[in-house]
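Given next are the chains, with one letter for each unit.
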Amino acid sequence: MTYWRLHYHLIWATFERQPTLTPEREKMFYGVLYKKAEEMGVKIHAAGNDVDHVHVVASIPPKMSVADCVKNFKGASSFAINHMPESDGQFKWQEGYGALTIGER
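Residues numbered from 1 in each chain as written. Predicted model: local features only at pLDDT ≥ 70, side-chain atom pairs only at ≥ 80, totals over all residues. Heavy atoms only, no water.

Focus on the environment of Lys-74
Here is step 1: For Lys-74, the location among the structural elements is in helix 2 (residues 66-82).
Here is step 2: Note on Lys-74: relative accessible area 12%, which makes it buried.
Here is step 3: Counting along the chain gives 42 residues from Lys-74 to Val-32, while the straight-line C-alpha distance between them is 9.6 Å.
Here is step 4: Not counting residues up to four positions away in its chain, the partners in contact with Lys-74 are Trp-12, Trp-93, Gln-94, Glu-95 and Gly-96. (Helix = DSSP H or I, 4+ residues; strand = E, 2+ residues; numbered from the N terminus. Buried < 20%, exposed > 50% of the residue type's maximum accessible area, 1.4 Å probe, protein only. Contact = heavy atoms within 4.5 Å.)

This is the structure in structure tokens:
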């Protein structure tokens, strides 16, 4: 059995930092985030947002790159938000992300 403790603080923003993460979209985002994390074997420790960016503290297994994890989170959430009944289909995340390693405390 492989032992690992890898903790990351991930940050990414809405396209052009536009304040497009409305309460309705926020609800969809968190539902998709936690579901996708479970599918990938990623543990979410904390998550928060403002109208133009999100923060996620997660443990990502060593078999998965940080880039692939964030790509999956961003892709799944933007797809779901754009397919909400009242969506105009224009929601997107800004290119790139921030990733910082953190300790268990």
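A closer look at unusual backbone geometry
Here is step 1: A positive phi angle, close to 55°, is found at Glu-16, a residue other than glycine.
Here is step 2: Despite not being glycine, Arg-17 has its phi angle at roughly 55°, a positive value.
Here is step 3: Within the secondary structure layout, Arg-17 lies in the loop between strand 1 (7-13) and helix 1 (23-40).
Here is step 4: Look at Arg-17 and you get partly exposed, because its relative accessible area is 43%.

Description of the packing of aromatic side chains
Here is step 1: Under the counting rule described, the total for this entry stands at 6 aromatic pairs.
Here is step 2: For the ring pair Trp-12 and Phe-73, a centre distance of 6.3 Å and an interplane angle of 25° mean the geometry is stacked. Within this pair, whereas Trp-12 is found in strand 1, its partner Phe-73 is found in helix 2, the two being separated by 61 residues in sequence.
Here is step 3: Ring geometry for Phe-91 versus Trp-93: centroids 5.0 Å apart, planes at 85°, classification edge-to-face.
Here is step 4: When its relative accessible area of 4% is taken as the criterion, Phe-91 is described as buried.
Here is step 5: Chaining the aromatic ring pairs together yields one cluster made of Trp-12, Phe-29, Tyr-30, Phe-73, Phe-91 and Trp-93.
Here is step 6: Lying over the aromatic face of Phe-15, Lys-92 brings its terminal NZ or CZ to 4.1 Å of the ring centre. (Phe/Tyr/Trp six-rings, centres within 6.5 Å; stacked < 30°, edge-to-face > 60°. Lys NZ or Arg CZ within 6 Å of the ring centre and 35° of its normal.)

Structural notes on the nonpolar core
Here is step 1: Counting residues in hydrophobic clusters, the biggest one holds 24 residues, and the most contacted among them are Leu-10, Trp-12, Phe-29, Val-42, Ile-60 and Phe-73.
Here is step 2: Where this core is concerned, the elements lending two or more residues are strand 1, helix 1, strand 3 (53-59) and helix 2.
Here is step 3: Residue contacts for Leu-10: discarding those within four places in its chain leaves Val-54, His-55, Val-56, Ile-60, Val-66, Val-70, Phe-73, Gly-98 and Ala-99. (Core = buried A, V, L, I, M, F, W, Y, C linked by side-chain atoms within 4.5 Å.)

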